[in-house]
Each structure stands twice: as structure tokens, then as C-alpha cells.
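Here's the letter readout for the chains.
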Amino acid sequence: MEKVAFIGLGAMGYPMAGHLAKRFPTLVWNRTFAKALKHQAEFGSEAVPLERVAEAQVIFTCLPTTQEVAEVAEALLPHLRPGTYWVDATSGEPEASRRLAERLGEKGVTYLDAPVSGGTVGAEKGTLTVMMGGEAEAVERVKPYLAYAGKVVHVGPVGAGHAVKAINNALLAVNLWAAGEGLLALVRQGVPGEKALEVINASSGRSNATENLIPQRVLTRAFPKTFALGLLVKDLGIAMGVLEGAKDPSPLLRLTRELYEMAKRELSPEADHVEALKLLERWAGVEIR
Ligand code: NDP
């Protein structure tokens, strides 16, 4: 059976590569190599030096930004074989990915942007939504390998997947922040957060933030670290590039980016994205409970 390889065993990559290893011979590489060895022990993948990743027919990446993907690609370039597919699950930058696709294309390697949505829970369950940018033929060729996906949508040429992902995350940011402001006002009026959400989640104001993030992480005060605030701010920056290209007015999304930039400065890039609501709570002097 054809080999696959996974580069970047972070919060998302580790469980995603686990699903691959259950179905295909899977090579894994991670900068902190101990994680690759742990993956090998847990899922039966094979932890290999970076050059050996080039043995795979399909190479997956899930790194923080397109810059790290380009660096790894450059290091691998001398070893890559024509006919290889590169599936980039990073929430990356459309224009830089188009340049990367050209660079890999010179070696006969087909690049597809394939960012994912569904968080670490979706990665563990293997139910991620994958938005793919690239040629239709290449998308069909790699689809059978997306063992971590619940849904795959081909959204356009290379870069389109990253554009859709950035706008999706901008909407997540809007919904989360807006729900935080509204709930704080209600808590001040004596409405418990749980009661307010019971109504909102059976009404038209609901979102993933009100249905899942806030009840599971804010009301419980658990605030688990699953998706770093710094990564969400990175996605908002990519969304700004997408909006810039379109040149239409977009005041709400621009303001949202500024709010999260402020939250990142006040908290830390390593804080979880849901902790942005802690900044609102700090300003209000009350907690969403
Ligand atoms: P993590 O920070 O958990 O993992 C990052 C991974 O990238 C680690 O394996 C890290 O290696 C590796 N890495 C970092 N810098 C380098 C480098 N210079 N060279 C090689 N490897 C490097 O991130 P996530 O898994 O949370 O996110 C990965 C991508 O997925 C991001 O683009 C993010 O926006 C996106 N995403 C995240 C979601 C989430 O809920 N967390 C949901 C959907 C998309 P090391 O172990 O050595 O640090």
C-alpha cells in the first residue's frame, strides 16, 4: 500500500496523523522529535528523519503558518520525487501558498491547500471539515487519504481553501466576542449565563460559540488550551488580506481583528482563543457564569 507522511504533530496534527496511521503505512516527523516517537508508540506510525518523508506518495503538513511549511518544503526539496502530492492542512496564507505550489511544481510535486475546521475534538474524532484548493483531479486523487475528515469540500484553485478558512475563523471571532459582550450585559441584569444560553441556543442568536465554546469552557471556568489566541489572530490577519483583495467595505471584520490583537497583547499569544472573553470580563468587573 502507498505510504503517507505527516509533518507537524501539534494539537491538531498529532490526532490527525493518528487516523492516517490506522489506515495507511504512515511516516511521521516533528521538530521536537520526542513527539514523533510517542506517536509511533501510540499509533504504530514510523518516526523518521525529515528526508525519509520524501518516500511517501502523499505528504501532509499541519504547521502554524505557511512560512514554516515553506521552510520544511525547502529542506525537503532535494529529496522529493515527481508524482508526490502535498496536502497542507495548515491554516495558511493564499498568496504564499500559490508561490509554494509553483516551487513544488518545479519538482513535479502537486500542492493542495487543505485547511481544516472542527478543532482538536474534531481531529480526535476524525470528523474534521476539510476545505480544499487545487485542481479537481488532484483533489479526487488525495481524497481517499483524508482519514481525519468528516466532510471534504473542493472550494476552488490553490489558495481558495486558505481564503475560506480565514473568513470562517473571522466569523468564529465575531460570534465569540459578540456573545461575550451580550452575556456579560445579561449577567449584570441578574440573568444567569446558563439561562441566557438556554434561550439563545433555542433561538436565532445561536452559534458554535453559544452552543459549545461558552457552555463548555467559560461557564465551567475550564478554559482548556486547544487553539492558541496567537493562531486566531494570525488567521484574522490572513482574512484581512482576503478582504483587501476584494476591496469591499468590511468594517466589522477589521474591528474584530483589532479587538483580538488587543486581547493577544493583554493576555498572551499562548492563551486559548476563548480566553479573549476574560478581557471583556476584566473590563466589566464580572464573570460570565
Ligand atoms: P500547535 O502549536 O499545537 O502545533 C504546531 C506544530 O508545528 C508542532 O508540531 C510544532 O513542532 C510545529 N512547528 C512549529 N514551528 C515549526 C518550525 N519552525 N519547523 C517545524 N515545525 C514547527 O498548533 P495547532 O496544531 O493548534 O495548529 C496547527 C495549524 O492548524 C495552525 O495553522 C492552526 O491555525 C490550524 N488549526 C488549529 C486548530 C486548533 O483547534 N488548534 C483548528 C483548526 C486549524 P514542535 O512540537 O516542535 O513545537
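Residues numbered from 1 in each chain as written. Predicted model: local features only at pLDDT ≥ 70, side-chain atom pairs only at ≥ 80, totals over all residues. Heavy atoms only, no water.

A. Seen up close, the overall build of the chain. A tally of helices and strands in the chain yields 12 helices and 9 strands. Here the C-alpha radius of gyration of the chain, 20 Å, is about what a compact globule of 289 residues would show, namely 19 Å. Expressed as lengths along the three principal axes of its C-alpha atoms, the size of the chain is roughly 65 × 45 × 35 Å. Counting over 289 residues, the chain shows a buried share of 50%. (Helix = DSSP H or I, 4+ residues; strand = E, 2+ residues; numbered from the N terminus. Rg over C-alpha atoms; globule rule 2.2 N^0.38 Å. Buried < 20%, exposed > 50% of the residue type's maximum accessible area, 1.4 Å probe, protein only.)

B. Inspection of the pattern of salt bridges at higher detail. In total, this model carries 20 salt bridges according to the counting rule given. With a shortest N-O distance of 3.6 Å, Arg206 and Glu211 are connected by a salt bridge. Connected through shared salt-bridge partners, Lys3, Glu46, Arg52 and Glu55 make up one network. (Salt bridge = Lys/Arg side-chain N within 4 Å of Asp/Glu carboxyl O.)

C. Spotlight on the layout of surface pockets. The volume enclosed by the largest pocket comes to roughly 1400 Å³. Around the largest pocket, the lining comprises 48 residues; the ones closest to its centre are Ala11, Met12, Thr226, Phe227 and Leu231. Among the residues making up the lining of the largest pocket, the classes are represented as 17 nonpolar, 20 polar and 11 charged. (1 Å grid on protein atoms, 1.4 Å probe; cavity = no way out; pocket = protein on both sides within 12 Å on 5 of 7 lines; lining within 4 Å. Points joined across faces, edges and corners; volume = space filled by probe spheres on them. Nonpolar A, V, L, I, M, F, W, Y, C, P; charged D, E, K, R; others polar.)

D. Structural context of the pairing of strand E9 (residues 149-156). Relative to E9, strand E8 (residues 128-133) runs parallel, the two sharing 6 bridges. Looking across to E9, one finds that Gly133 is bridged to Gly156. Taken together, E8, helix H6 (residues 136-142) and E9 constitute a β-α-β crossover, and its handedness is right-handed. (Pairing = 2+ DSSP bridges. Right-handed = clockwise from strand over helix to strand, strands pointing away.)

E. Seen up close, the site of the ligand. The immediate surroundings of the ligand are formed by 24 residues, with Ala11, Asn30, Thr32, Lys35 and Thr226 found nearest. In this structure, Gly10 approaches the ligand through a main-chain N or O atom, which is 3.3 Å from an oxygen atom. The separation between an oxygen atom of the ligand and a polar side-chain atom of Asn30 is 2.7 Å. Computed on the free molecule, the ligand has an accessible area of 900 Å², of which 85% lies beneath the protein chains in the complex. With respect to the detected pockets, the ligand is housed in the largest pocket. Taken together, the elements giving at least two residues each to the shell around the ligand come down to helix H3 (66-76), helix H5 (119-125) and helix H10 (229-246). Partitioning the shell around the ligand into residue classes produces 9 nonpolar, 9 polar and 6 charged. (Near = heavy atom within 4 Å. Polar contact = N/O pair within 3.5 Å; in protein donor to acceptor, adjacent residues only side chain to side chain. Areas by Shrake-Rupley, 256 points an atom, 1.4 Å probe, with all protein chains shown as cover. Sits in = over half its atoms within 2 Å of the grid points.)

F. Focus on the side chain of Ser91. Here Ser91 is to be found in the loop between strand E5 (85-88) and helix H4 (94-105). Under the relative-accessibility criterion, Ser91 is labelled buried at 15%. Leave out the neighbours within four places in its chain, and Ser91 touches Pro64, Pro115, His162, Lys165, Lys234, Asp235 and Ile238. (Contact = heavy atoms within 4.5 Å.)

G. Representation of the UniProt feature "domain: 3-hydroxyisobutyrate dehydrogenase-like NAD-binding" (unreviewed entry) in the chain within the structure. The positions that UniProt labels "domain: 3-hydroxyisobutyrate dehydrogenase-like NAD-binding" (unreviewed entry) are, in the present scheme, residues 159-280. As annotated, residues 159-280 has a helix share of 71% and a strand share of 0%, and its two end C-alpha atoms lie 34 Å apart. (UniProt positions renumbered as here; feature names shortened; annotations may be inferred.)

H. Spatial organisation of the environment of Glu258. Following the sequence through the fold, Glu258 ends up in helix H11 (residues 251-266). Given the relative accessible area of 55%, Glu258 is considered exposed. A C-alpha to C-alpha distance of 23 Å links Glu258 and Glu287, two positions 29 residues apart in sequence.

I. Inspection of the nonpolar core at higher detail. Counting residues in each nonpolar core, the largest one holds 37 residues, and the members touching the most others are Leu176, Trp177, Ile214, Val218, Tyr260, Leu277 and Ile288. Elements with a contribution of two residues or more to this core: helix H7 (160-188), helix H8 (193-200), helix H9 (208-218), H10, H11 and helix H12 (276-284). Residue contacts for Ile288: discarding those within four places in its chain leaves Gly180, Leu183, Leu184, Val187, Val218, Leu219, Arg221, Leu277 and Glu281. Core analysis: the next-biggest nonpolar cluster, separate from the first, contains 32 residues, Leu9, Met16, Val116 and Val142 among them. (Core = buried A, V, L, I, M, F, W, Y, C linked by side-chain atoms within 4.5 Å.)

J. The arrangement of the environment of Ala75 in detail. Position of Ala75 among the secondary structure elements: in helix H3. Along the primary structure Ala75 and Glu42 are separated by 33 residues, whereas in three dimensions their C-alpha atoms are 27 Å apart.

K. Just unusual backbone geometry, in detail. One non-glycine residue, Arg221, lies in positive phi territory at about 60°. Residue position: Arg221 is located in the loop between H9 and H10. Take Arg221: its relative accessible area is 21%, and that puts it in the partly exposed class. The backbone of Lys247 shows a phi angle near 65°, a positive value even though the residue is not glycine. Of note, Lys247 is situated in the loop between H10 and H11.

L. How the structure looks around the side chain of Glu275. By secondary structure assignment, the location of Glu275 is in the loop between H11 and H12. Residue Glu275 is classed as buried on the basis of its relative accessible area, which comes to 8%. In terms of polar contacts, Glu275 uses its side chain to reach the side chain of Lys225, at 3.1 Å. A distance of 2.8 Å separates a polar atom in the side chain of Glu275 from the backbone nitrogen of Asp272. What Glu275 contacts, discounting residues up to four positions off in sequence, is Phe223, Lys225 and Leu267.

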